[in-house]
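Listed below, chain by chain, are the residues.
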Amino acid sequence: MAKPHRIKVMPIFGTRPEAIKMAPVVHALSADENFELIITVTAQHREMLDQFLRFFEMQPRYDLNIMREGQTLADITSRAVEGIDKVLKDEKPDLVLVQGDTTTAFVGALVAYYHKIPCGHIEAGLRTGDKFAPFPEEINRKLIGAIADLHFAPTLRAKQNLLREGVPERSIFVTGNTVVDALLWTLQRLPEPNRTNEGQRMILVTAHRRENWGEPMERICKALRRIADKFPDVQIIFPMHKNPVVREVAYRVMGDHDRIKLCEPPDYFEFVRLMRDAYLIVTDSGGVQEEAPTLGKPVLVLREKTERPEAVEAGVVKVIGTDEEKIIAEVSRLLSDEGAYRAMQRPVNPYGDGKAALRIKQAILHFFGKAERPPDFAPQ
Ligand code: UD1
Ligand code: UDP
């Protein structure tokens, strides 16, 4: 008997958050005989990508190895265009999958379009409405939204953003965010909390965004140092992004403080453990804003705007910007005012229920005429 045609799917990704959020989809599709998977990585990140390829046991067929120190947006774009173009010409997949808002994701969608290959966008429809915040991610998302044939919106809000831009409703699927799938999978495998630092309150910090390079990063680091000085029971842990631009400021301003730990970016087990055991999280990360609410951890966001308003509206995430005095005031409030802290400490799940990858799989099967349309994700 002839073998059924398998849908040839090419996930294209290149950075840490894309690897984490693509992993549940890779595993869901790999486990289904309807699909043949050809993983292509640009390696826009190198070490931070490899960490997660190993962690989630994903084997790329193509590795374009494009990362350079100090790469500009144009560098990443041009190297990724050239590499992806060749891979798509050779492999001719039935569907390209991209995730989120990075330059790799944008270029993956663009070159798929050049080859007239359908494109699925995971985490579609997030918007701030400001083309420079986050930069360049807001525009990357809008451009991918104009190209993609399948839009996997994590929330109803994201779907509405797409509808407002004229995206046809039948091509939008509300799936939840795959980061919740990855987080729940990891949490189930975590050992018990680390009790060695009892009596201390740990603040977990990450910062890397392009719009925070330079002056804002100086202000963030100075504020953190003053917070550590002001609260003797506070320990700050800052797993540093590999970017030398971020590291230089962090080492110079905070490197000699005995209660500020600057460390290498840990793997996902360790980072999830840190989020779970933290008293408070201070970050400019997109993914961390989505994970912390599931863990019931208050988050203060080091940005002027967020494209993830759902947890802000639920009262568990607060956008505070990067003014030094404002950061100190907001962190001090949560450290000193029990009521304010408790109000932000509720676990909520606006971003997903752990089944996003299964909905995405079914939506792809539906697109190829092999399944019913999946029901939309609705938060409980
Ligand atoms: C990129 C994404 C951003 C995402 C972030 C996740 C773009 C334009 N930006 O920003 O949307 O939030 O990833 O972390 O797509 N580096 C290393 N090793 C690594 C990774 C980075 O040395 O494993 C250094 C390199 O010097 C590189 C620099 O970091 O040039 C910046 O990397 P890049 O991907 O350009 O920007 P990110 O700030 O990481
Ligand atoms: N993360 C991690 N180790 C770290 C910092 C972040 O595993 O040291 C994870 C985090 O849990 C989230 C993702 O990486 O899932 C977010 O990546 P990042 O902040 O680099 O990118 P963004 O989400 O802002 O695009």
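Worth saying up front: this structure is predicted, and the values here are computed from it rather than measured. (Residues numbered from 1 in each chain as written. Chains lettered and ligands numbered in written order. Predicted model: local features only at pLDDT ≥ 70, side-chain atom pairs only at ≥ 80, totals over all residues. Heavy atoms only, no water.)

A. Main features of the overall build of the protein. Assigned secondary structure in the protein consists of 15 helices and 14 strands. The C-alpha atoms of the protein give a radius of gyration of 21 Å, which matches the 21 Å a tight globule of 380 residues would have. Out of the 380 residues in the protein, the part that is buried amounts to 59%. Across the protein, contacts joining residues at least 24 apart in sequence account for 70% of those joining residues at least 6 apart. Taken as a whole, the protein presents about 16000 Å² of accessible surface, with 51% of it coming from carbon and sulfur. Side chains of the protein carry 53 positive and 54 negative charges; the gap between the two charge centres is 2 Å. (Helix = DSSP H or I, 4+ residues; strand = E, 2+ residues; numbered from the N terminus. Rg over C-alpha atoms; globule rule 2.2 N^0.38 Å. Buried < 20%, exposed > 50% of the residue type's maximum accessible area, 1.4 Å probe, protein only. Contact = heavy atoms within 4.5 Å. Areas by Shrake-Rupley, 256 points an atom, 1.4 Å probe, with all protein chains shown as cover. Lys, Arg positive; Asp, Glu negative; His and termini not counted. Charge placed at Lys NZ, Arg CZ, Asp CG, Glu CD.)

B. Local environment of the site of ligand 2. If you check the shell around ligand 2, you find 17 residues, and the closest are Arg 16, Ser 285, Gly 286, Gly 287 and Glu 291. Contact between ligand 2 and Ser 285: an oxygen atom at 2.7 Å from a side-chain N or O atom of the residue. Notes on ligand 2: free accessible area 530 Å², of which the protein chains cover 96%. It is helix 11 (residues 286–295) that contributes the most residues to the shell around ligand 2, four residues altogether. (Near = heavy atom within 4 Å. Polar contact = N/O pair within 3.5 Å; in protein donor to acceptor, adjacent residues only side chain to side chain.)

C. Structural context of empty space enclosed by the protein. If you walk through the whole model with that rule in mind, you get one cavity of 30 Å³ or more. The calculated volume of the largest cavity comes to roughly 30 Å³. What lines the largest cavity is simply Arg 16, Thr 206, Ala 207, His 208, Phe 238, Pro 239 and His 241. In the lining of the largest cavity, the residues fall into three nonpolar, three polar and one charged. (1 Å grid on protein atoms, 1.4 Å probe; cavity = no way out; pocket = protein on both sides within 12 Å on 5 of 7 lines; lining within 4 Å. Points joined across faces, edges and corners; volume = space filled by probe spheres on them. Nonpolar A, V, L, I, M, F, W, Y, C, P; charged D, E, K, R; others polar.)

D. Seen up close, helix 15 (residues 356–367). The first and last C-alpha atoms of helix 15 sit 16 Å apart over 12 residues, in line with the 16 Å expected at 1.5 Å per residue. All of the buried residues in helix 15 are Ala 356, Ala 357, Arg 359, Ile 360, Lys 361, Ala 363, Ile 364 and Leu 365. With its phi angle positive at about 75°, Gly 369 sits one or two positions after the end of helix 15. (Expected span 1.5 Å × (residues − 1).)

E. Examining unusual backbone geometry more closely. Here the residue pair Ala 133 and Pro 134 is connected by a cis peptide bond, since its omega of -5° sits within 30 degrees of zero. Here Pro 134 is to be found in the loop between strand 6 (119–122) and helix 5 (137–147). Cis peptide bonds are those with omega within 30 degrees of zero, and the linkage from Phe 135 to Pro 136 qualifies with 0°. By the secondary structure assignment, Pro 136 is in the loop between strand 6 and helix 5. If you check the backbone angles, Lys 92 has positive phi at about 45° while not being a glycine. Position of Lys 92 among the secondary structure elements: in the loop between helix 3 (73–91) and strand 5 (95–99). Look at Lys 92 and you get exposed, because its relative accessible area is 59%. Despite not being glycine, Glu 123 has its phi angle at roughly 70°, a positive value.

F. Representation of the site of ligand 1 within the structure. Residues in close proximity to ligand 1 total 27 residues, the closest being Gln 44, His 45, Glu 47, Glu 137 and His 241. Met 48 places a polar main-chain atom, nitrogen or oxygen, 2.9 Å from an oxygen atom of ligand 1. One of the side-chain nitrogen or oxygen atoms of Glu 137 is found 2.4 Å away from an oxygen atom of ligand 1. With the chains in place, 96% of the 750 Å² that ligand 1 exposes on its own is no longer accessible. Counting residues per element, the ones that place at least two in the shell around ligand 1 are helix 2 (47–55) and helix 3. Each residue belonging to the shell around ligand 1 can be placed in one class, and the counts come to eight nonpolar, 10 polar and nine charged.

G. Region of the structure containing the packing of helix 8 (residues 215–230) against helix 9 (residues 244–254). Put simply, helix 8 and helix 9 touch, their axes get as near as 9 Å, and they point 30° apart. You can see that helix 8 and helix 9 cross each other, and the crossing is right-handed. In contact with Met 217, Glu 218, Cys 221, Lys 222, Leu 224 and Arg 225 of helix 8, helix 9 contributes Val 246, Val 249, Ala 250, Arg 252, Val 253 and Met 254. (Axes fitted to C-alpha atoms, helices over the stretch in contact; angles between N-to-C directions. Left-handed = near helix turned anticlockwise from the far one by under 90°.)

H. Structural view of the side chain of Glu 310. Counting through the fold element by element, Glu 310 comes out in helix 12 (residues 310–313). One buried charged residue, Glu 310, forms no salt bridge at all, with the nearest opposite charge on Arg 157 at 4.9 Å. Those residues in contact with Glu 310 that lie beyond four places of it in its chain are Thr 155, Arg 157, Pro 350 and Tyr 351. (Salt bridge = Lys/Arg side-chain N within 4 Å of Asp/Glu carboxyl O.)

I. Region of the structure containing helix 10 (residues 268–277). Here helix 10 lies mainly inside the structure; seven of its 10 residues are buried. Taken as a whole, helix 10 has its buried residues at Tyr 268, Phe 271, Val 272, Arg 273, Leu 274, Met 275 and Arg 276.

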